[in-house]
Amino acid sequence: MKRIGKNKCPKCGFGFFDNEPNQYQILEFIDGKFEEVKTEGINKRDLRIFCRDCGSEIDEKELKIPT
Ligand SMILES: [Zn+2]
């Protein structure tokens, strides 16, 4: 099946990606339990994308847009 307009992982050619959650918590292990230090939001510019197949972090600039 031809997937026009879909980009592939530059490393393994797989076509599906995962992203990190937009928000994550920073925890410290204090006195035998986890304490939440802070919750950070990641803005869209810093969104990191990972290949679902090989797990490589994908640089958007490496993705070739079909012409
Ligand atoms: Zn890959």
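Before reading on, note that the structure itself is shown above.
Residues numbered from 1 in each chain as written. Predicted model: local features only at pLDDT ≥ 70, side-chain atom pairs only at ≥ 80, totals over all residues. Heavy atoms only, no water.

**Some thoughts on the sheet that holds strand E4 (residues 49-51)**
Through backbone hydrogen bonds, the strands of a sheet pair up, either in parallel or in antiparallel fashion. Within the open sheet, the three strands sit side by side as E1-E4-E5. Their pairing is antiparallel. The open sheet terminates on both sides in strands that have one partner only, identified here as strand E1 (17-19) and strand E5 (57-58). Bridge count between E4 and E5: two bridges; the pairing is antiparallel. In the strand pairing of E5, Ile 49 is matched with Ile 58. (Pairing = 2+ DSSP bridges. Helix = DSSP H or I, 4+ residues; strand = E, 2+ residues; numbered from the N terminus.)

**Here's the deal with the packing of aromatic side chains**
Pairs of aromatic rings are described using the distance from one ring centre to the other and the angle between the two planes. For the structure shown, the criterion picks out two aromatic pairs. Relative to Phe 34, the ring of Phe 29 lies with its centre 4.7 Å away and its plane at 65°, an arrangement referred to as edge-to-face. The pair Phe 29 / Phe 34 is uniform in exposure class, with both members exposed. (Phe/Tyr/Trp six-rings, centres within 6.5 Å; stacked < 30°, edge-to-face > 60°. Buried < 20%, exposed > 50% of the residue type's maximum accessible area, 1.4 Å probe, protein only.)

**Quick look at the pattern of salt bridges**
Enumeration according to the criterion identifies two salt bridges in this entry. Taking the shortest distance from any N to any O, the salt bridge between Asp 18 and Arg 52 comes out at 3.3 Å. With Asp 18 in strand E1 and Arg 52 in the loop between E4 and E5, the pair connects residues that are 34 residues apart, well separated along the chain. Close ionic contact of Glu 35 with Lys 33 constitutes a salt bridge, the shortest N to O distance being 2.9 Å. (Salt bridge = Lys/Arg side-chain N within 4 Å of Asp/Glu carboxyl O.)

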